[in-house]
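Architecture and fold: a report
Here are the chains, one letter per residue:
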There are 6 protein chains.
Amino acid sequence: MSMVKLIEYADAMPEVKAVYDDLMATRGCGLDGINNFWKALASHPPTLARIWQDVKRVMAPGELDPLVKELIYVAVSVTNNCEYCIHSHAAAARAKGMTDGQFGELLAVVGLANQTNRLANGYRIPVDARFRPFPD
Amino acid sequence: MSMVKLIEYADAMPEVKAVYDDLMATRGCGLDGINNFWKALASHPPTLARIWQDVKRVMAPGELDPLVKELIYVAVSVTNNCEYCIHSHAAAARAKGMTDGQFGELLAVVGLANQTNRLANGYRIPVDARFRPFPD
Amino acid sequence: MSMVKLIEYADAMPEVKAVYDDLMATRGCGLDGINNFWKALASHPPTLARIWQDVKRVMAPGELDPLVKELIYVAVSVTNNCEYCIHSHAAAARAKGMTDGQFGELLAVVGLANQTNRLANGYRIPVDARFRPFPD
Amino acid sequence: MSMVKLIEYADAMPEVKAVYDDLMATRGCGLDGINNFWKALASHPPTLARIWQDVKRVMAPGELDPLVKELIYVAVSVTNNCEYCIHSHAAAARAKGMTDGQFGELLAVVGLANQTNRLANGYRIPVDARFRPFPD
Amino acid sequence: MSMVKLIEYADAMPEVKAVYDDLMATRGCGLDGINNFWKALASHPPTLARIWQDVKRVMAPGELDPLVKELIYVAVSVTNNCEYCIHSHAAAARAKGMTDGQFGELLAVVGLANQTNRLANGYRIPVDARFRPFPD
Amino acid sequence: MSMVKLIEYADAMPEVKAVYDDLMATRGCGLDGINNFWKALASHPPTLARIWQDVKRVMAPGELDPLVKELIYVAVSVTNNCEYCIHSHAAAARAKGMTDGQFGELLAVVGLANQTNRLANGYRIPVDARFRPFPD
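Small disclaimer: the values here were computed from a predicted structure and weren't measured. Per chain, the residues get numbers from 1 upward, laid out in the order the sequence is written. Think of it this way: whatever chain is written first is A, whatever ligand is written first is 1, and the rest follow in order. Two thresholds apply to this predicted model, a pLDDT of at least 70 for residue-level local features and 80 or more for giving and counting side-chain atom pairs, whereas whole-chain, interface and lining totals are computed over all residues. In computing side-chain values, all of the structure's heavy atoms are included and hydrogens and water are not.

1. Here we look at the overall build of chain A
- Under the DSSP-based scheme used, a helix requires at least four consecutive residues in state H or I and a strand at least two consecutive residues in state E, with every element numbered from the N terminus. The number of helices and strands found in chain A is six helices and zero strands.
- Listing the helices and strands of chain A from first to last along the sequence gives α-α-α-α-α-α.
- Computation of the radius of gyration draws on C-alpha atoms, with the globule rule given as 2.2 Å multiplied by the number of residues to the power 0.38. Its C-alpha radius of gyration of 19 Å places chain A more than 25% over the 14 Å reference for a compact globule of 136 residues.
- A principal-axis box enclosing the C-alpha atoms of chain A has dimensions of 55 × 35 × 35 Å.
- Considering chain A as a whole, with its 136 residues, one finds that 64% of them fall into the buried category.
- When contacts within chain A are restricted to residue pairs at least 6 apart in sequence, those whose partners lie at least 24 apart make up 47%.
- When the accessible surface of chain A is summed, it comes to about 4800 Å², and 56% of that surface belongs to carbon and sulfur atoms. Exposure categories follow from relative accessible area, calculated using a 1.4 Å probe and restricted to protein chains: below 20% of the type maximum is buried, above 50% is exposed, and the middle band is partly exposed. Residue contacts follow a heavy-atom distance rule, with two residues in contact if any of their heavy atoms lie within 4.5 Å. Computed by Shrake-Rupley with a 1.4 Å probe, the accessible areas treat only the displayed protein chains as cover when residues are assessed.

Dropping the structure here:
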């Protein structure tokens, strides 16, 4: 029940093909590595190109390692209930070495944080002065 | 503008003092280590005791290291806009070694995930069969 | 830091005064019973009139008693982190008899539900057939 | 499309069986009373044990009656769009006596609160001094 | 897997029929123009009547044109992940002239706003004085 | 209570100055046109550069006019309760011609959509076949 037609490589316009080619080169994969997320974004080529640049830059190894970035991605996706992103980023995390036990701990932290977020917001708890990185 | 009176140690009932004592023993801190979150939860002692047990268990070292757990906590808190939890868990992450660069990357991933969550939900993108851990 | 000027009774247009009059008559209160929510909505009179009708109808006694309706209102407002609504509906609940202990239990349920919502969404748990009120 | 294998009683490890046994004893039900939520959490036994303790304590009769607690649970689950929790807690509420009319009123309050939450947040309405339980 | 039975015109009580008749007259459509949203709300006639009045008033042409209102509706529905509302209001927007390119730009803005909302909330950025419409 | 130090032009590193310069050139403004959002993002230069590129591209005139894009931005920001973004994008919308009446209608649509999103999700209403742009 996609809102748009998924664009396959063979049917893609040149600027879409260019993104698909860069994605395959970057990830070292073939056409089957182009998942539905990109095929749907291809319905609006400027969005496809922009998001691919964003993902390539943000998810690259940096001061946080790639697996930790995927765990954070799953945490946000679970909080927002994005079915697609939960599946795709959990798969990416597993491919980067996430164990079953780590997945269980990840969801435990996500659940707990969602609980205490509401307790802190519901009780309207004032932030302790010592937590503020700067004086106001 | 807290909804409840913050309970100081000196004014606390025995079951609240017992939690405060365990918290100080677990964290190796003094009375100034009891932050406002606990003082607010102390207005309802069963919640204080329950949440303290939850936090102690879930945030303990496991297959994920404690810093990664704090990063996940911040990611959820930012997504939910919990001011208290952003401040308290970012402080905890810094205490466990989070660098400024890691904090920058953390927020970048959180921002990107919130963006792509809506693209995936908005386009109603079907999950690729290869991402599913089990056949339906 | 309101986005709009709060409209006091003395400065109000006739259609705004009509809502304020009906609100005071319905609640048996004076001008000080017109809280800031209504004074802000008065910046757009059709919204003021519409929302007042909605609130009057939905929050009236029905098969759920008015206190239970206020507890539900607070539960939603905490989940969405609406500071104004948490304060105004918690005050309304206290006025209808909510005890400190009930407030504590309310937040405990809200926190727990926010936690298990993410566990159920994160694990993508299929709904048990026996929970469905209708066969698909 | 669960992220984890659902664990049946016959296949469960001892600490999972212990939770299942306590759940059946507490609820006075048989194996068919162990719904998918618990079978999915059983993939991470510490989460199963912790959440079961949480649910048992928080949802027990207290100053709020069990039906009211279920209504609050449904209100949060609808706000967060947790399909599983809407179904399971609406079923629990019906089992505790929720009428069709009460369900209709519940959703009406949830819808209204979600509407006015955004009006209050969007207009950035300052909280009336009289609503604050404590002077700042 | 609806929570309630969808009410067809032939089976409807008089107050439900009255809303259906007004909806068909307002929209210039036949029975097939009564979509499932209304048939589900008909399970609680006061909600059906109230929401129909709300929709009729709020979505009528005003200072914003009807297509812009539908785009805003889709933006909110995508942010909240309401599958039903995304489909029904995207269909309404297309019927009012939304092009494929406009839909692509709409989702791009929605995605970007969800990203920067979290950056602004995560960094706890103070609002510039010049953005405030009123001095505090 | 910002989480990071706001970076003024005079204190900025070259890659931050480059973004500030491009922002001033694009918007035809001086240093006072660099609002706190950018000064906070400057704490992590890759995020500053990336988000500025995103904003420049997505918010440029296209098939949707710039005012409509700002209205959509405000709608998302209100739904997510991002105080900073509500203020900054409402100011941008006013600068592009948004009237008080349009702001009132915008919030009315946002409020209504948040209400009906929960009714549709709460009743689990099946999507009408005629709304789907593609057969499944």
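Once you've had a look at it, read on.
2. Overview of the relation of the copies chain B and chain A
- In this comparison the copies share one frame, found by least squares on the C-alpha atoms of residues holding pLDDT of at least 70 in both. For the pair chain B and chain A, the best superposition has an RMSD of 0.0 Å and corresponds to a rotation of 180 degrees with a translation of 0.0 Å parallel to the axis. Both copies are brought into coincidence by an operation consistent with a two-fold rotation axis.
- Interface overlap between copies: 100% of the residues of chain B at the interface are likewise at the interface in chain A, consistent with a symmetric, same-surface contact.

3. A short note on empty space enclosed by the protein
- Computed over the protein atoms alone on a 1 Å grid, cavities are sets of points where a 1.4 Å probe fits but cannot get out and pockets are open sets with protein on both sides within 12 Å along at least five of seven lines; a residue lines them when it has an atom within 4 Å of a point. Grid points are joined across faces, edges and corners, and a volume is the space filled by probe spheres set on the points. Using the criterion set out here, one finds one cavity of 30 Å³ or more in the structure.
- Of the pockets and cavities examined, the largest cavity occupies roughly 440 Å³.
- Forming the walls of the largest cavity are 27 residues, and the residues nearest its centre are Asn80 of chain A, Arg118 of chain B, Asn80 of chain E together with Asn80 and Arg118 of chain F.
- By residue number, the principal contributor to the lining of the largest cavity is helix H4 (residues 66–80) of chain E, which donates three residues.
- Amino acids outside the nonpolar list (Ala, Val, Leu, Ile, Met, Phe, Trp, Tyr, Cys, Pro) and the charged list (Asp, Glu, Lys, Arg) are all regarded as polar, and Gly is one of them. Among the residues forming the lining of the largest cavity, the class breakdown is one nonpolar, 20 polar and six charged.

4. Some thoughts on the interface of chain B and chain D
- Contacts between the two partners involve 13 residues from chain B, matched on the other side by 13 residues from chain D.
- A 1.4 Å probe defines the accessible area here, and the buried area is the portion of it lost by two parts on being joined, summed over both. With both chains or domains summed, chain B and chain D bury close to 1200 Å², and 60% of this area falls on carbon and sulfur atoms.
- Each reported salt bridge corresponds to a side-chain nitrogen of Lys or Arg within 4 Å of a carboxyl oxygen of Asp or Glu. Put simply, chain B and chain D have two salt bridges between them.
- The shortest N-O distance in the salt bridge between Arg50 of chain B and Asp54 of chain D comes to 3.6 Å.
- A breakdown of the residues in the side of chain B that touches chain D according to their chemical character gives six nonpolar, one polar and six charged.

5. So, the pattern of salt bridges
- Under the defined criterion, the tally for this structure stands at 36 salt bridges over all chains.
- Via salt bridges that share partners, Arg50 and Asp54 of chain A together with Arg50 and Asp54 of chain F belong to a single interconnected network.

6. A closer look at the environment of Ile72 of chain D
- Among the structural elements, Ile72 of chain D can be located in helix H4 (residues 66–80).
- By relative accessible area, Ile72 of chain D is classed as buried at 0%.
- With 17 residues separating them in the primary sequence, Ile72 of chain D and His89 of chain D have C-alpha atoms 9.5 Å apart.
- Ignoring any residue separated from it by four or fewer positions in sequence, one finds Ile72 of chain D in contact with Leu71, Ala75, Leu106, Val109 and Val110 of chain C together with Leu64 of chain D.

7. Let's talk about the interface of chain B and chain A
- Each side of the interface is counted separately: chain B has 73 residues, and chain A has 73 residues.
- Viewed at the interface, chain A and chain B are joined by two salt bridges.
- The salt bridge partner of Glu105 of chain B is Lys69 of chain A, with a shortest N-O separation of 3.4 Å.
- Polar contact criterion, stated in full: a pair of N or O atoms within 3.5 Å, where within protein one must be able to donate a hydrogen and the other to accept it, and residues adjacent in sequence count only if both atoms are side-chain atoms. Counting across the interface, chain B meets chain A through 34 residue pairs in polar contact (both at pLDDT 80 or more).
- Counting only elements with at least two residues in the side of chain B that touches chain A, the list comes to helix H2 (36–41), helix H3 (45–58), helix H4 (66–80), helix H5 (83–95) and helix H6 (100–122) of chain B.
- Among the residues making up the side of chain B that touches chain A, the classes are represented as 37 nonpolar, 23 polar and 13 charged.

8. Digging into H3 of chain B
- For H3 of chain B, spanning 14 residues, the distance from its first C-alpha to its last is 20 Å, which sits close to the expected 20 Å at 1.5 Å a residue.
- Inspection of H3 of chain B places Pro45, Thr47, Leu48, Arg50, Ile51, Trp52, Asp54, Val55 and Val58 of chain B among the buried residues, and these make up the whole buried set.
- Next to the buried residues of H3 of chain B lie helix H6 (100–122) of chain A, helix H1 (14–27), H2 and H4 of chain B, helix H6 (100–122) of chain C together with helix H3 (45–58) of chain D. Here a helix's expected span is defined as the number of its residues, less one, multiplied by 1.5 Å.

9. As for unusual backbone geometry
All names here are of chain A.
- Positive phi outside glycine occurs at Asn81, with the angle close to 60 degrees.
- Relative to the elements of secondary structure, Asn81 occurs in the loop between helix H4 (66–80) and helix H5 (83–95).
- On the accessibility criterion, Asn81 (8% relative accessible area) is buried.
- At Arg124, a residue that is not glycine, the phi angle is positive and equals roughly 50 degrees.
- By relative accessible area, which is 15% here, Arg124 ends up buried.

10. Considering the packing of H4 of chain E against helix H6 (residues 100–122) of chain F
- Relative to each other, H4 of chain E and H6 of chain F sit at 45 degrees, their axes nearing to 9 Å. Here H4 of chain E lies oblique to H6 of chain F, going by the angle between them. Crossing of H4 of chain E against H6 of chain F: the hand is right-handed. Seen from H4 of chain E, the contacting residues are Lys69, Ile72, Tyr73, Val76, Ser77 and Asn80 of chain E; seen from H6 of chain F, they are Glu105, Leu106, Val109, Val110, Leu112, Ala113, Asn114, Thr116, Asn117, Arg118 and Asn121 of chain F.
- Considering only residue class, the contact of H4 of chain E with H6 of chain F consists of eight nonpolar, six polar and three charged. Axis lines are fitted through C-alpha atoms, for helices just across the contact stretch, and the angle between N-to-C directions can take any value from 0 to 180 degrees. Roughly parallel here means an angle under 35 degrees, roughly antiparallel means over 145, roughly perpendicular means 65 to 115, and every remaining angle is called oblique. By the definition used in this description, the sense in which the near helix is turned from the far one sets the handedness, with an anticlockwise turn below a right angle giving left-handed and a clockwise turn giving right-handed.

11. Some details on the packing of aromatic side chains
- Working definition: a ring pair exists when centres of Phe, Tyr or Trp rings (six-membered ring for Trp) sit within 6.5 Å. Plane angles under 30 degrees give stacked, over 60 give edge-to-face, the rest tilted. Applying the stated rule across the entire model yields 36 aromatic pairs over all chains.
- Centroid distance Phe103 of chain A to Tyr123 of chain C: 5.8 Å. Interplanar angle 90 degrees. Geometry classified as edge-to-face. Of the two residues, Phe103 of chain A is situated in helix H6 and Tyr123 of chain C in the segment after H6; the pairing between them involves two chains.
- A relative accessible area of 6% places Phe103 of chain A in the buried class.

12. Notes on the nonpolar core
- With 317 residues, the main nonpolar core has Trp38 of chain A, Trp38 of chain B, Trp38 of chain C, Trp38 of chain D, Trp38 of chain E together with Trp38 of chain F as its most contacted residues.
- In contact with Trp38 of chain B, other than residues within four places in its own chain, are Tyr20, Leu23, Arg27, Leu48, Ile51, Trp52 and Val55 of chain B. In this text, buried Ala, Val, Leu, Ile, Met, Phe, Trp, Tyr and Cys residues form a nonpolar core when linked through side-chain atoms within 4.5 Å.

13. A few points about the side chain of Arg118 of chain E
- If you trace the backbone, Arg118 of chain E turns up in helix H6 (residues 100–122).
- Working convention for charge: Lys and Arg count positive, Asp and Glu count negative, and His plus the chain ends are omitted. Despite its burial, Arg118 of chain E pairs with no opposite charge, the nearest such side chain being Asp54 of chain F at 14 Å.
- Polar contacts involving the side chain of Arg118 of chain E include one to the main-chain carbonyl oxygen of Thr79 of chain B, which spans 3.3 Å.

14. Considering the confidence of the model for chain A
- Every residue carries a pLDDT, the predictor's confidence in it, which falls somewhere between 0 and 100. Looking at chain A, pLDDT values average 96 and 99% of them are 70 or higher.
- Here the prediction assigns the complex a pTM of 0.98, and the interface score ipTM is 0.97.

15. Some details on the environment of Val68 of chain C
- By the secondary structure assignment, Val68 of chain C is in helix H4 (residues 66–80).
- Aside from chain neighbours lying at most four places away, what touches Val68 of chain C is Val68 and Leu71 of chain D.

16. Notes on the packing of helix H3 (residues 45–58) of chain E against H6 of chain F
- Between H3 of chain E and H6 of chain F, whose axes approach to 10 Å, the crossing angle comes to 150 degrees. On the basis of their axis angle, the class for H3 of chain E and H6 of chain F is roughly antiparallel. For the element pair H3 of chain E and H6 of chain F, the recorded crossing hand is left-handed. Where H3 of chain E approaches H6 of chain F, its residues Thr47, Arg50, Ile51, Asp54, Val55 and Val58 of chain E are matched on the opposing element by Ala108, Val109, Leu112, Gln115, Thr116 and Leu119 of chain F.
- Residue composition of the contact of H3 of chain E with H6 of chain F, by class: seven nonpolar, three polar and two charged.

17. A few points about the environment of Gln102 of chain B
- Counting through the fold element by element, Gln102 of chain B comes out in helix H6.
- Residue classification places Gln102 of chain B among the buried positions, given a relative accessible area of 13%.
- Between the C-alpha atoms of Gln102 of chain B and Leu71 of chain B, which are 31 residues apart in sequence, the distance is 9.2 Å.
- The contacts of Gln102 of chain B, once residues within four sequence positions are left out, are Glu63 and Leu64 of chain A together with Leu67 and Gly97 of chain B.

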